[in-house]
Amino acid sequence: MPKSEVSNNQGDRKLLMKIKSKKYSLILLLILIIQVAFICFFGVQKAGFHQDEYYSYFSSNRSLGFYYPDREWVDTDTIRDEFVVKNGEGFNYGLVHLVQSWDVHPPLFYDLLHTACSLTPEVFSKWQGIVVNLIAFVISFVILNKLAKSIGMSKELRIILMLAYGFNPMTISCVLFIRMYMWLTVFVLASAYLHMKLISLIKKYYAGNELKGFVLDKPFDAAFKKGFVSYVVAIAIVSILGFLTQYYYLVYMCVMGLSFAIWFLFLMPKNRKKKNDETDKDNTGVLNIENILGDEEFVQQAASMAERSKYILVYVLGGIVALGISLAIYPSALSHIFRGYRGQEAAEAFSNMSNIWERFVFFLGLVNDYLFSGMLWLIIVLAVIALIALFFMLRVKGEKDKLHIAHIRILFVSALGYFFIVAKTALLLGDTSNRYEMPIYPIVLLVSAYFTRIGIRAIVGNRSFAKVQIPVLGALLIFAIITVKGLAIDQNVLFLYPEDKERVEFSEEMKAEDARAVVIYNSATPDNIWRLTDELLVYDKLYYVNSDNLEAIDDSEIANADILAIYVADNDNRDNILNVLMKANSNASWTGKISQKDMWTVYEMQ
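Since this is a predicted model, take the numbers as computed values, not measurements.

Caption draft 1: Quick peek at the nonpolar core. Judged by nonpolar contacts, the single largest core of 171 residues is most densely connected at I202, F228, F264, I443 and L446. In terms of residue count, helix 9 (residues 181–203) provides more of this core than any other element does, 16 residues in total. What F228 contacts, discounting residues up to four positions off in sequence, is L198, L201, I202, F260, F264, Y311, V314 and Y315. Counting residues in each nonpolar core, the second largest holds 18 residues, with Y543, I558, V580 and A588 among its members.

If you want it as C-alpha cells, here you go:
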C-alpha cells in the first residue's frame, strides 16, 4: 500500500476516534445536566433541616452568638442574624476559623458556605448550601469518570457507572445534606485517581503483569522522577484540602498510602526460575541461596527494591509535609483529634473490641439498603463469579492481561479499609450515619460495575445485541433496577424532612391569627432550639421560658393573648411548666398537641 494511503487511513482513524470522543463527552454532559436538574428537583422537596445543617450556617456566619433568656421576648431578627451574613460582614474567614476552633471540625467546607452566603447577604436559604454541594457533585462526576477510565473501563461501562452514581439516592442525599461530606467525596476521589495514575506511571517501566509478576524493564529515568514527584505533590495538595474538609480524610489517606507503598515495594516476579542445564533438572525449584542468586530476573528486581524504597520515602515525606502544612493552616486540628469530644469518642469506639460485628453489620446494612436497594447480594455473587472466571474459565481468561489488577486491588482495599475504620469509629445515628461512608460510595459503585459486567460475561458469554455487548446491557439493567427501586419504591433519598412543611405551615397560620409564640427550653440542652429554626423564624418575636423556673409568668402579652403557639422541649419538668403557662392566661384553654419531633412538642392554646 502506498505511503499516502497509509497516511490517509491513519488520519481517518484519528478523525473517527476524535468524533467518537466528542460524542461520548456530549453524552456525559447531557447526563450531568439531567442529574443536576434531578437533584434540584429533590432540592425543591427539601422542606427542613437536620440540626447539623443549622450548625453549618451558624458556624459559618454567626454574629453575636445565641443567648437564652428566661421570661423575655426575643426578636427573631436576632436569631436570623446568626444564620446569615449581614451586610458589610462578608468574607470574614478569620471568624469562620475561630468559630470552628471552638468545635471539632476543620474549616474548609465552612469557608465555602460562608463564601456563598457572603455573595447573598441577609439571606438564609437551603439553596446556598445545596449550590455549594452541587459544585462538588459536578467535580466528583468528572473525577469519577477519569478514575474509571484510568482502570480501563470501556466508555459504555463508564456511562453506566455515571448514571448509577448521579441518580443514586445516596449521591442525591449527599448533595442535599448541607455538610462537608460531598466535598470530602471530591478529595477522596481525587486522591484515588492520582494514585491510579501514579501506578500506571510505574508500570510503564516494568515488563509483566500482576498475575505473573513484574520485572524492571528500563531504569527510572528523569521523566519518571519528574512524573513521580509531580504526582506526589498533587496528592499532597489534595491531602491538604481533604484534611481541612473532614478529619476522616486522614483515614483514607493512610489506608490508600499503605496499600500503594506495599504494592510498590513488593513489585516482584511471582515465580523464581533458574535456567538450568538438562543435568541440573533435579535441583530446579529448590528454594536455596544458590538458586535465588542464580535467578537473574529475581536478583535484578530485588536489587531495585532499595531504589524503590527511596521513592516510597519521597511519597511518605509528601504525606508528612501535607499534614504539616494542614496543621500550620489550622493548628486547632491537633486538639480536635486528640482532645476534642468527637476524637475521644472515636478513640473509645475504636478500642472497644466487643462491638466489631455489631457495627460492621449496621453499616453493611446501610450499604445494602441505601446504596444497592437491597440487592448487594446480587453484586457480591456476580463479583465472586467474575473472580473465579478470570482465573479458571478459558473464555474469560483473555481479559486477564487487560485487567488493571493492581489498580482494582488498591481501590478495593483502600475503600474497604476506610469502611471498616469508619464503621468502627463513627456515630450510630440510624440512616443518617450513611454520611460517614458516603465518600467511598462512588468507588464502591465503580468496583461493583466493573465486576458485574465480567460476572455476567462469565455466565452468558460476550455476545452482542444491537452492537452492544450483552454483559454491558446486563450491567445496565441491574443498576437501573437498583436506582429505580431506591428512588421510587424504597424512597431512599435522605435529609428531605417533608414533615417539616406542615410544621412551618402551622407557624404561618399562627402568625396570621396574631398568636404569641412561646418557646420553653430545657436549660441542659438549650441549643436544641436550633431544631425549630425554620418554624420559629416565621414569627416576629418569641417569648423564651426556662423549664427549670416554675415561678409564675406575669407577662401582659401572654396574659392577654387570644392564641398561644407553644414549643416545649421534652423533659421531666414539661407538664409542670405548662401548668404555669396555663395559669398565666386564665382565658385560654388547651386546643391540643399539634406535632412532636426531635425532642420538641408543639401545643396550641386559645
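The discussion continues.
Caption draft 2: Spotlight on the environment of A207. Mapped onto the elements of the fold, A207 is located in strand 2 (residues 206–209). For A207, a relative accessible area of 33% corresponds to the partly exposed category. Residues A207 and K218, spaced eleven residues apart in sequence, show a C-alpha to C-alpha distance of 8.8 Å. Setting aside its immediate chain neighbours within four residues, A207 contacts G213, F214, V215 and D217.

Caption draft 3: Broad picture of a negative patch on the surface. Together, E502, E505, E508, E509 and E513 line one region of the surface with negative charge. With respect to the element layout, E502 can be found in helix 23 (residues 499–512). Given a relative accessible area of 61%, E502 falls into the exposed group.

Caption draft 4: Examining unusual backbone geometry more closely. Although it is not a glycine, Q491 sits at a positive phi angle of roughly 50 degrees. On the secondary structure map, Q491 appears in the loop between helix 22 (470–489) and helix 23. Although it is not a glycine, D514 adopts a positive phi angle of roughly 60 degrees.

Caption draft 5: Representation of the pairing of strand 10 (residues 600–605). By the criterion of burial, strand 10 is predominantly enclosed, with six of the six residues buried. The side-chain alternation of strand 10 yields two buried faces, one formed by W600, V602 and E604 and the other by T601, Y603 and M605. For strand 8 (residues 564–569) and strand 10, the ladder comprises six bridges, and the chain directions are antiparallel. For A565, the partnering residue across the bridge sits in strand 10 and is E604. Judged from the six bridges that link them, strand 9 (residues 590–597) and strand 10 form a sheet pairing that is antiparallel. Note that in strand 10 the partner of K597 across the bridge is W600. Remark: two residues form the turn of the hairpin made by strand 9 and strand 10, two consecutive strands paired antiparallel; D598 in that turn has positive phi of roughly 50 degrees.

Caption draft 6: A look at the sheet that holds strand 9. Reading across the sheet, the six strands line up as 1-7-6-8-10-9 and stay open at both edges, with mixed pairing between neighbours. The two strands at the open ends of the sheet, each matched to only one other strand, are strand 1 (72–75) and strand 9. Pairs of neighbouring strands in the sheet enclose a mean axial angle of 25 degrees, with direction left out of account. With four bridges joining them, strand 6 (residues 516–521) and strand 7 (residues 541–546) adopt parallel strand pairing. Bridge assignment links Y521 to a residue of strand 7, and that residue is N546. In the packing of helix 23 onto the sheet, contacts are made with strand 8, strand 9 and strand 10, and the angle to strand 9 comes to roughly 145 degrees. Across the sheet, helix 26 (residues 574–584) is in contact with strand 6, strand 7, strand 8, strand 9 and strand 10; its angle to strand 8 comes to roughly 160 degrees.

Caption draft 7: Broad picture of the confidence of the model for the protein. Residues with a pLDDT of 70 or more make up 90% of the protein, whose mean pLDDT is 90. A low-confidence stretch, residues 272–280 (pLDDT under 50), is modelled with eight contacts involving residues beyond four sequence positions or located in other chains.

Caption draft 8: Here's a closer look at a nonpolar patch on the surface. Where nonpolar side chains cluster on the molecular surface, the patch consists of V229, V233, I237, L241 and V314 and spans about 370 Å² of accessible area. Among the elements that take part in the nonpolar patch, helix 10 (residues 222–243) stands out by supplying four residues, more than any other. Turning to its location among the elements, I237 is positioned in helix 10.

Caption draft 9: Geometry of the side chain of T245. Its location among the elements puts T245 in the loop between helix 10 and helix 11 (249–265). Only 2.7 Å separates the side chain of T245 from the backbone oxygen of L241, close enough to count as a polar contact. Among all residues touching T245, those that are not within four sequence positions of it are P106, L108, M180, W183, L184 and F187.

Caption draft 10: Broad picture of the pattern of salt bridges. A complete count under the given rule lists 14 salt bridges for this structure. One salt bridge connects K86 with D81, and the closest N-O pair in it is separated by 3.8 Å. Accessibility expressed as a relative area gives 19% for D81, which makes it buried. Measuring nitrogen to oxygen at the nearest pair gives 3.0 Å for the salt bridge that ties E557 to R516. Of the two residues, E557 sits in helix 25 (residues 556–560) while R516 sits in strand 6, which places them 41 residues apart along the sequence. Put simply, D514, R516, K541 and E557 are held in one network by salt bridges that share partners.

Caption draft 11: Looking closely at the packing of helix 19 (residues 405–425) against helix 21 (residues 441–460). Look at helix 19 against helix 21: their axes get within 10 Å of each other, and the N-to-C directions meet at 140 degrees. As judged from the angle between their axes, helix 19 and helix 21 are oblique. Considering only the axes of helix 19 and helix 21, their crossing is left-handed. Seen from helix 19, the contacting residues are I408, L411, F412 and A415; seen from helix 21, they are I443, L446, V447, Y450 and F451. When the residues that make up the contact of helix 19 with helix 21 are grouped by side-chain class, the tally is nine nonpolar, no polar and no charged.

Caption draft 12: Fine view of the packing of aromatic side chains. Evaluation of the coordinates by the stated rule reveals 52 aromatic pairs. Geometrically, the ring pair formed by F228 and Y311 is edge-to-face, given 5.1 Å between the ring centres and 70 degrees between the ring planes. Of this pair, F228 sits in helix 10 while Y311 sits in helix 13 (residues 296–329), placing them 83 residues apart in sequence. A ring pair is formed by Y521 and Y544, whose centres lie 6.1 Å apart and whose planes are at 65 degrees; its orientation type is edge-to-face. Here the residue Y521 occupies a position in strand 6, and Y544 occupies one in strand 7, the gap between them amounting to 23 residues. Exposure class is identical for Y521 and Y544. Each is buried. Positioned over the ring face of F49 is K46, at 5.6 Å from the centre of the ring. It is K541 that lies over the ring of W73; its NZ or CZ is 4.7 Å from the centre.

Caption draft 13: Main features of the pairing of strand 3 (residues 213–216). Residues G213 and V215 of strand 3 are buried on one face, and the alternating residues F214 and L216, pointing to the opposite face, are buried as well. Here four bridges tie strand 2 to strand 3, and the two strands are oriented antiparallel to one another. Counterpart to G208 in the pairing with strand 3 is F214.

Thresholds applied
Residues numbered from 1 in each chain as written. Predicted model: local features only at pLDDT ≥ 70, side-chain atom pairs only at ≥ 80, totals over all residues. Heavy atoms only, no water. Core = buried A, V, L, I, M, F, W, Y, C linked by side-chain atoms within 4.5 Å. Buried < 20%, exposed > 50% of the residue type's maximum accessible area, 1.4 Å probe, protein only. Helix = DSSP H or I, 4+ residues; strand = E, 2+ residues; numbered from the N terminus. Contact = heavy atoms within 4.5 Å. Patch = residues over 30% accessible without salt bridge, like charges linked within 9 Å, V, L, I, M, F, W, Y side chains within 5 Å. Areas by Shrake-Rupley, 256 points an atom, 1.4 Å probe, with all protein chains shown as cover. Salt bridge = Lys/Arg side-chain N within 4 Å of Asp/Glu carboxyl O. Lys, Arg positive; Asp, Glu negative; His and termini not counted. Charge placed at Lys NZ, Arg CZ, Asp CG, Glu CD. Pairing = 2+ DSSP bridges. Axes fitted to C-alpha atoms, helices over the stretch in contact; angles between N-to-C directions. pLDDT = per-residue confidence, 0-100. Polar contact = N/O pair within 3.5 Å; in protein donor to acceptor, adjacent residues only side chain to side chain. Parallel < 35°, antiparallel > 145°, perpendicular 65-115°, else oblique. Left-handed = near helix turned anticlockwise from the far one by under 90°. Nonpolar A, V, L, I, M, F, W, Y, C, P; charged D, E, K, R; others polar. Phe/Tyr/Trp six-rings, centres within 6.5 Å; stacked < 30°, edge-to-face > 60°. Lys NZ or Arg CZ within 6 Å of the ring centre and 35° of its normal.

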